[in-house]
Amino acid sequence: MQTKMTSLSSPRSSSLRLILCCFFLFLAAQPPQPPRAFAAAARWQLLQSNIGIVAMHMQLLHNDRVVIFDRTDFGKSNLSLPDGQCRHDPTETAVVDDCTAHSVDLVQTGGYSDGERQVRIFVPCSDGSCDWREIANGLGARRWYATNQILPDGRQIVIGGRRQFNYEFYPKSAGAPNVYSLPFLVETNDRGIENNLYPFVHLNVDGNLFIFANNRAILFDYVNNKPKCWSAAELPKGAFTQAMGGKFLGALNTCGRIRITDPNPQWAMETMPQARTMGDMVMLPNGDVLIINGVAAGTAGWEYGRNPVLKPVIYRPDAPAGSRFALQDPSGIPRAYHSTAVLLRDGRVLVGGSNPHIYYNFTGVIFPTELRLEAFRPPYLDPERSGSRPQIIFPSSQAKIRYSQSFVVRFTVSGNVSTDAVSVTMVAPPFTTHSFSMNQRLLVIGGGKVTNVGNSAFTADAVAPGSRNLAPAGYYMLFVVHQGVPSEGIWVQIQ
């Protein structure tokens, strides 16, 4: 399942559009650019044949490192811990003494067994000395398969999880309850199937939350603990129980979109070029959406997926209906259950993971434990488009900006420039796992005024988001996009 959201953050209008086929958040502050030429070709690159662990969870950090981790109860990984370190855990189900790594150089919450109420914090560093810090019993409830969303006030809301029909906040306020009931999760729970785990959660432009679970959605006022409106989508059920019996139902090939800030929001359905389940949806810097990974039959689970979908699809939200999807070149690596994909600052998409079996089983299963790491190069990185690619020369990376601040982005382009086809975008790097990218957002913050300043250099006026509802404080990648081709991004911190 996926969602696309678009919000116009200019003073003149505000709206939010969602597309439901995998989930992502897209916030735009400027009108869409005119249709552009769209190539279907793209390239794959094998980065590592064995990274030692399974890329079950991925998060790009603001120092351009990617945190990758799986889980400790799979047994020993293929990557030893440094300096002879070992982890001793008498409650561990696979290996009591484990001297191997399960994360590769964030607040992360919950998990399985003795990790289900823990909070883990990882502070990026450049010298390799940083490590996880774990807070015992930092959560008020057991959280396995829960969703985290950063809120405008800087806290995180942690929603749901296995047999948890409630939510809580981290960090916690003094005197506040540990957990808050969320009846919506009871109403969307089908007994014995658990098809509302990892509910899809996004921060709306008014500060409320959009929550989609199973086949229903709400706009949720978490401050007053009440839903504001409801919506439902017609989705078939039974894939999990059928797969348990050896019958693998075909995945859906439909994609639904809805503008949730409309007075009477309605679903509009589209047809994708291929059926797909367990896919990942990645926001690209130019506003396109990459749909990647997954299978064409079955459901989530180690042996419950069939027919891997090797061809990614690029979706253009603002193109005319019927011409929004384009198939891309296939990968040679199946990416089934527990696959991930994240956008990198250079515009590539990092792709990893798939089917991490206990004891890192590589034989005797349809889709073995997958340790290879790839990069997908979208069409905007094709060599013939290099003359259109901007290069940002000001501000420098790691710049700090304030809310509503007006600033100028200076960039160069080696080829001919169409000043009416330039935009400035900001992308929040999401935490990706289980076919959902938490906190993923794209904002269009400039490009309405572009000035030629000579020597192939140009300036584009930009305005930082006006509220924390649009962009919670933190680090974002900033891009200049010209004729659909993004620059390499720079890091900016909004505060």
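Bear in mind the structure is a predicted one, so any value in this text is a computation, not a measurement. (Residues numbered from 1 in each chain as written. Predicted model: local features only at pLDDT ≥ 70, side-chain atom pairs only at ≥ 80, totals over all residues. Heavy atoms only, no water.)

Enquirer: Any chance you could break down the packing of aromatic side chains for me, citing the residues and the numbers?
Expert: Under the defined criterion, the tally for this structure stands at 18 aromatic pairs. Ring centres of Phe169 and Tyr222 lie 6.1 Å apart, and the angle between their planes is 55°; on these two criteria the pair is classed as tilted. In this pair, Phe169 sits in strand β14 (residues 166-170) while Tyr222 sits in the loop between β18 (216-221) and β19 (226-232), placing the two residues 53 residues apart along the sequence. On the accessibility criterion, Phe169 (8% relative accessible area) is buried. By the ring-pair criterion, three or more aromatic residues cluster together here, those being Tyr167, Phe169, Tyr180, Phe220 and Tyr222. (Phe/Tyr/Trp six-rings, centres within 6.5 Å; stacked < 30°, edge-to-face > 60°. Helix = DSSP H or I, 4+ residues; strand = E, 2+ residues; numbered from the N terminus. Buried < 20%, exposed > 50% of the residue type's maximum accessible area, 1.4 Å probe, protein only.)

Enquirer: Which residues make up the confidence of the model for the chain, and what are the values?
Expert: Considering every residue of the chain, the mean pLDDT works out to 84; 81% of them sit at 70 or more. Across residues 1-41, where pLDDT falls below 50, the model places 172 contacts with residues more than four positions away in sequence or in other chains. Long-range and interchain partners of residues 100-106, a stretch whose pLDDT sits below 50, account for 41 contacts in this model, where long-range means more than four residues apart. (pLDDT = per-residue confidence, 0-100. Contact = heavy atoms within 4.5 Å.)

Enquirer: I'd like a description of the state of the cysteines, backed by residues and values.
Expert: For the structure on display, the rule yields one disulfide. The residue that forms a disulfide with Cys125 is Cys130, at a sulfur-sulfur distance of 2.2 Å. Negative torsions about the S-S bond denote left-handed disulfides, and the value of about -75° found for Cys125 with Cys130 makes this one left-handed. Neither Cys125 nor Cys130 differs from the other in exposure class; each is buried. (Disulfide = S-S within 2.5 Å.)

Enquirer: Let's hear about the sheet that holds strand β13 (residues 156-159): which residues, and what values?
Expert: Sheet architecture is open: four strands sit in the order β12-β13-β14-β15, paired in antiparallel fashion. Edge positions in the sheet fall to β12 (147-150) and β15 (180-181), since each of these pairs with one other strand and no more. Alignment of β13 against β14, held across four bridges, turns out to be antiparallel. Residue pairing across strands places Gln156 opposite Tyr170, the latter belonging to β14. (Pairing = 2+ DSSP bridges.)

Enquirer: Can you lay out the pairing of β12 for me, pointing to particular residues and giving the numbers?
Expert: Bridge count between β12 and β13: four bridges; the pairing is antiparallel. Each residue of the ladder has a partner; that of Ile150, found in β13, is Gln156. Hairpin remark: β12 followed by β13, antiparallel, with five residues in the connecting loop; positive phi at Gly154, about 95°.

Enquirer: Could you give an account of unusual backbone geometry, naming the residues involved and the relevant values?
Expert: Tyr170 connects to Pro171 through a cis peptide bond whose omega is -5°. Along the chain, Pro171 turns up in the loop between β14 and β15. The omega angle of the peptide bond from Phe394 to Pro395 is 0°, so this bond is cis rather than trans. Tracing the sequence through the fold places Pro395 in the loop between β31 (390-394) and β32 (399-401). Phi is positive for Ser435, which is not a glycine, with a value near 65°.

Enquirer: Can you lay out the pattern of salt bridges for me, pointing to particular residues and giving the numbers?
Expert: Scanning the entire structure with this criterion turns up 13 salt bridges. The partner of Arg143 in a salt bridge is Glu168, and the shortest N-O contact between them spans 2.9 Å. Here Glu168 lies in strand β14 and Arg143 lies in the loop between β11 (132-135) and β12, a separation of 25 residues in the sequence. Accessibility classification places Arg143 together with Glu168 in one group, the buried group. Put simply, Glu168 and Lys172 hold a salt bridge, and the shortest N to O gap is 2.5 Å. Residue Glu168 is classed as buried on the basis of its relative accessible area, which comes to 0%. For Lys172, a relative accessible area of 32% puts it in the partly exposed group. A cluster of three or more residues bridged by salt bridges with shared partners is formed by Asp64, Arg345 and Glu488. (Salt bridge = Lys/Arg side-chain N within 4 Å of Asp/Glu carboxyl O.)

Enquirer: Which residues make up the environment of Pro395, and what values go with them?
Expert: The buried category is assigned to Pro395, whose relative accessible area is 14%. C-alpha of Pro395 to C-alpha of Val408: the two residues are 13 residues apart in sequence and 8.0 Å apart in space. Here Pro395 is in contact with Val408, Val409 and Ile490, once residues within four sequence places are set aside.

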